[in-house]
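# A closer look at the structure
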Amino acid sequence: EYIRWRFQHGDDKEALAKDTMVLTDEEKEKVKEPCTFEIEDEKGNKTKVKWRIEKLTGGRKQVKKEVEYEVQFVGMSYNSNRYVSASKLAKWGFSKHMLVVDEKVAQRAGAFSTPLTTANVEKHLEDVGLDKEFGTHTRMSALSGGQKVKVVIAAAMWALPHIVILDEPTNYLDRDSLGALAGAIRTYEGGVVMITHNNEFCSALCPETWLMQKDPADGIAQCNCKGDAEWMAKAAKESVQAAVQLDEITDALGNVVKIEKEKKSKDKMSRKEKKQAEKIRKAKIARGEAVSSDDEDWD
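Residues numbered from 1 in each chain as written. Predicted model: local features only at pLDDT ≥ 70, side-chain atom pairs only at ≥ 80, totals over all residues. Heavy atoms only, no water.

The secondary structure content of the protein chain amounts to 12 helices and 11 strands. Residues classed as buried in the protein chain amount to 26% of the 299 residues present. Partitioning the contacts of the protein chain with sequence separation of at least 6, the portion at a separation of at least 24 is 45%. Taken as a whole, the protein chain presents about 21000 Å² of accessible surface, with 52% of it coming from carbon and sulfur. (Helix = DSSP H or I, 4+ residues; strand = E, 2+ residues; numbered from the N terminus. Buried < 20%, exposed > 50% of the residue type's maximum accessible area, 1.4 Å probe, protein only. Contact = heavy atoms within 4.5 Å. Areas by Shrake-Rupley, 256 points an atom, 1.4 Å probe, with all protein chains shown as cover.)

Here we take up helix H6 (residues 118-127). For H6, the set of buried residues is Val121, Glu122, His124 and Leu125. For H6, the angular spread of buried residues about the axis comes to 160 degrees, placing them on one side. Of the residues in H6, the exposed ones pointing more than 90 degrees away from the buried face are Ala119 and Asp127. Once H6 ends, the next one or two residues include Gly129, with phi positive near 90 degrees. (Arc of directions from axis to C-beta.)

Once that is clear, we can look at the packing of aromatic side chains. Scanning the entire structure with this criterion turns up four aromatic pairs. An angle of 85 degrees between the planes, with centres 5.1 Å apart, marks the rings of Phe37 and Phe73 as edge-to-face. Linking Phe37 in strand S1 (residues 35-40) with Phe73 in strand S4 (residues 66-73), this pair joins segments that are 36 residues apart in sequence. Accessibility classification places Phe37 together with Phe73 in one group, the buried group. With a centroid separation of 5.2 Å and an interplanar angle of 65 degrees, the aromatic rings of Phe37 and Trp92 are classed as edge-to-face. (Phe/Tyr/Trp six-rings, centres within 6.5 Å; stacked < 30°, edge-to-face > 60°.)

Mapping Gln72 onto the fold places it in strand S4. Classification of Gln72 as buried rests on a relative accessible area of 17%. With near-sequence residues (within four places) excluded, Gln72 lies in contact with Arg52, Ile53, Glu54, Lys55, Thr57 and Asn81.

Mapped onto the secondary structure, Glu168 falls in the loop between strand S6 (163-167) and helix H9 (175-187). Side-chain polar atoms of Glu168 contact the side chain of His197, separated by 2.6 Å. Look past the residues within four positions of Glu168 in its chain and what remains in contact with it is Ile195, Thr196 and His197. (Polar contact = N/O pair within 3.5 Å; in protein donor to acceptor, adjacent residues only side chain to side chain.)

Quick look at a nonpolar patch on the surface now. Residues Ile163, Ile165, Val193 and Ile195 make up a contiguous nonpolar surface patch of roughly 390 Å² in combined accessible area. One can find Ile165 in strand S6. (Patch = residues over 30% accessible without salt bridge, like charges linked within 9 Å, V, L, I, M, F, W, Y side chains within 5 Å. Salt bridge = Lys/Arg side-chain N within 4 Å of Asp/Glu carboxyl O.)

And the structure:
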């Protein structure tokens, strides 16, 4: 019942209720202010008008390098709706509104891969060690502490996240369940962040640990990074290499940013890079594109 309630209509109710999604009183007042728009008539004459945005409808599209969101105006029909860039909406105080739209778009994309049917929910709960009977005929209030943890973990994994943050995941779990959770974390291909007081469980799974510890001198908590130095160095190196290979990145608002790579001269290339560059040059020539013999053209 909990999973079906939480994800019905394709939205994650708990994600939309987070503090980062809820407007403060100051933000509520700011979004009531009129916004300036430029409209153009059939003759090409441009006029500036001030309209108040009532809401973001949920429409979103990519236009060149920026994301645009569909907005509806106060006292106007849906025929007057228009798409507005994310940068303008952020300036006008609609950052959290855009986060809500982004969350809904992501959740609905995941809904296509995992339809919210009884059979799928039962299978999903069985995958975390909870009998399907509990998922169909039992409410959350009737479950034990360990069973509730399993349901919450199953719900967190329902939308196929890239990163999972687990806050005290070992609470209420018996030894068998702890072993199953540890095995799942080891084989999970995404990122896992754990907040826990169970040092034994954490150390066995996490090669990198951020330890928050109070300094006895001033009483201020300090964050110390501990762990397998060799693993941490390797992970940092892989991150840098992966970043170098990226052609584009997408920021938090969904904007796609092209990465301009530094061109490398021919004499600094490895044999493999020279072969790849030559292959690209030949492909350009085959397509009729202009190329030069200068080193600058070897990119």
